[in-house]
Amino acid sequence: MSAASDDDIDTAVDVLRHGGVVGLPTETVYGLAANASNEAAVRRIFAIKRRPTDHPLIVHLATAGQLEQWASSVPASAAVLAEACWPGPLTVIVPRAAHVLDVVTGGRTTVAVRVPAHPVANAVLQRFGGGVAAPSANRFGQVSPTTADHVRADLGADVDYVLDGGASPVGVESTIVDCTVTPAQILRPGGIPNEAIDRLLSGGVEGSRGPSRASGMLASHYAPRAQVEVFESASDVRRRADAVRAAGQRVTVLDATGDSVVVAQQLFGWLRRADDDDVDVVVALLPRATGLGHAIRDRLFKAAGLG
Ligand code: TXA
Ligand code: MG
């Protein structure tokens, strides 16, 4: 799965230590990574992404044991979720430790933390030792990258180094759970299904059915140039696709109802391909709101510009 050699991993760690910015493979999507304790390095992430500075970043760690270094206290819900899901596609929001930079948290009293499961990300984090701030490695509002080529195509020479770890196996971002409130609240559905979070917290969680609420999760994220339209029924999809074709426009039908593991893996690649093929309208058939279907629906709604 991984194309990165030991030397490549050392190079990435060296770039991070010198305040550089690295395209980092994770199991969810590729991140744009910098030393979370280096303010100038973190500022470069915002500049490269053209991301507003009030959109806070996730701090990535090698082990769950490091959570205590980044949190002023660890809520019980965060401890349960971290124990069950890390390493893996889960982000917890916890009260921030005093040393955590404002540039990382957007000045909040909380910080987002996750321990990724990708072997290359984990090797980098182990050798680096500290926290690595990383949003998805795309320009603000655009489709997240799931391969090293996506990162190079989006950010090119703006990134100091891109580590190639193969295609991201999960394909959608981490599930974000705010553990600073009671009950805990799912802010963004992601690679860990909402039902699993609900089960782990014995029902003590909100938002497992609703749309994502993470700050910065505005409408028109994950958006390709093509117009994206979403439908619940196959007949509506067919009708709409025919109408678009009849109007002389290029249309692609994206059926997101197949095996949800495969759909999640491929989703961002499909949206990117639509742009490569100069498609005008992507007509998408939504999966059911269950399992990974929550995250797939969320990303398609956002791509369609619907909150
Ligand atoms: O899977 C992922 O989570 C990927 C990989 C690279 O780890 N990262 C990712 O980062 O998706 P990003 O920046 O694209 O999305 C992080 C989300 C943003 O919506 C941000 O607003 C939210 O997390 N967030 C970060 N810190 C927060 C905080 N303290 N409170 C509430 N939301 C927070
Ligand atoms: Mg993102």
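From a predicted model like this one, the values you see are computed outputs, not experimental measurements.

Turning next to the nonpolar core. In terms of nonpolar packing, the biggest core is built from 47 residues, with L90 and I197 touching the most fellow members. Considering each element in turn, this core owes the most residues, five residues, to helix α2 (residues 39-49). Counting 25 residues, the second largest nonpolar core, distinct from the first, contains A274, V279, V282 and L286.

Here we come to helix α7 (residues 148-155). Taken residue by residue, α7 has A148, H150, V151, D154 and L155 as its buried positions. Along the axis of α7, the buried positions cluster into a sector of 155°, meaning they face one direction only. Opposite the packed face of α7, turned more than 90 degrees from it, sit the exposed residues D149 and A153. Elements that come into contact with the buried residues of α7 comprise β1 (22-24), β2 (31-35), α2, β7 (161-162) and α10 (260-276). Once α7 finishes, G156 follows within two positions and takes phi at roughly 45°, a positive value.

Next up on the list: the sheet that holds strand β13 (residues 281-285). Strand pairing in a sheet is mediated by backbone hydrogen bonds. Such pairs are either parallel or antiparallel. The three strands are arranged β11-β13-β12 in an open sheet whose pairing can be described as parallel. At either margin of the open sheet sits one strand with a lone partner, and together these are β11 (227-231) and β12 (251-255). Strand-to-strand twist in this sheet, taken as the mean axis angle between neighbours without regard to direction, amounts to 20°. Sheet analysis places β11 next to β13, joined by five bridges and oriented parallel. When the sheet's bridge partners are listed, Q227 is paired in β13 with V281. Packing against the sheet, helix α11 (residues 293-303) makes contact with β11, β12 and β13, and its axis sits at approximately 135° to β11.

This paragraph deals with a negative patch on the surface. Taken together, the side chains of D276, D277, D278 and D280 present a region of like negative charge at the surface. Position of D277 relative to the elements: it lies in the loop between α10 and β13.

In the structure shown here, the tally under the stated rule is 16 salt bridges. For R127, the salt bridge is made with D10, and the minimal N-O distance between the two is 2.8 Å. Placement of R127 in helix α6 (residues 119-128) and of D10 in helix α1 (residues 6-17) is noted, with a sequence separation of 117 residues between them. Exposure remark for R127: the relative accessible area of 31% places this residue in the partly exposed category. You can call D10 partly exposed: its relative accessible area is 37%. For R152, the salt bridge is made with D149, and the minimal N-O distance between the two is 2.8 Å. Within this pair, R152 and its partner D149 are both found in helix α7, separated by three residues, close to a single helical turn. Sharing partners across several salt bridges, the network here consists of E173, D298, R299 and K302.

In this section: the layout of surface pockets. Rolled over the atoms, a probe with the dimensions of a water molecule shows which regions are left empty. Estimates place the volume of the second largest pocket at around 270 Å³. Considering the residues around the second largest pocket, the lining is formed by 15 residues, among which D154, R225, R272, D275 and D276 are closest to the centre. Among the secondary structure elements, those contributing two or more residues to the lining of the second largest pocket are α7 and α10. It is α10 that contributes the most residues to the lining of the second largest pocket, six residues altogether. Its residues placed into classes, the lining of the second largest pocket shows five nonpolar, three polar and seven charged.

An order of β7-β1-β2-β6-β3-β5-β4-β8-β9-β10 is seen for the 10 strands of this open sheet, with the pairing classed as mixed. Edge positions in the open sheet fall to β7 and β10 (205-206), since each of these has one partner strand only. As paired elements, β1 and β7 share two bridges and run parallel to each other. If you follow V22 over to β7, its bridge partner there is Y161. Strands β4 (90-95), β8 (175-178) and β9 (184-188) of the sheet are contacted by helix α4 (residues 76-85), whose axis makes an angle of about 155° with β4.

Here E229 lies in strand β11. A distance of 2.6 Å separates a polar atom in the side chain of E229 from a polar atom in the side chain of Q227. Leaving out residues up to four positions away in the same chain, E229 has contacts with R240, V281, V282, V283 and A284.

Conventions we followed
Residues numbered from 1 in each chain as written. Chains lettered and ligands numbered in written order. Predicted model: local features only at pLDDT ≥ 70, side-chain atom pairs only at ≥ 80, totals over all residues. Heavy atoms only, no water. Core = buried A, V, L, I, M, F, W, Y, C linked by side-chain atoms within 4.5 Å. Buried < 20%, exposed > 50% of the residue type's maximum accessible area, 1.4 Å probe, protein only. Helix = DSSP H or I, 4+ residues; strand = E, 2+ residues; numbered from the N terminus. Arc of directions from axis to C-beta. Contact = heavy atoms within 4.5 Å. Pairing = 2+ DSSP bridges. Axes fitted to C-alpha atoms, helices over the stretch in contact; angles between N-to-C directions. Patch = residues over 30% accessible without salt bridge, like charges linked within 9 Å, V, L, I, M, F, W, Y side chains within 5 Å. Areas by Shrake-Rupley, 256 points an atom, 1.4 Å probe, with all protein chains shown as cover. Salt bridge = Lys/Arg side-chain N within 4 Å of Asp/Glu carboxyl O. Lys, Arg positive; Asp, Glu negative; His and termini not counted. Charge placed at Lys NZ, Arg CZ, Asp CG, Glu CD. 1 Å grid on protein atoms, 1.4 Å probe; cavity = no way out; pocket = protein on both sides within 12 Å on 5 of 7 lines; lining within 4 Å. Points joined across faces, edges and corners; volume = space filled by probe spheres on them. Nonpolar A, V, L, I, M, F, W, Y, C, P; charged D, E, K, R; others polar. Polar contact = N/O pair within 3.5 Å; in protein donor to acceptor, adjacent residues only side chain to side chain.

Note that every value here comes from positions in space, so none of it alone points to a role or purpose.
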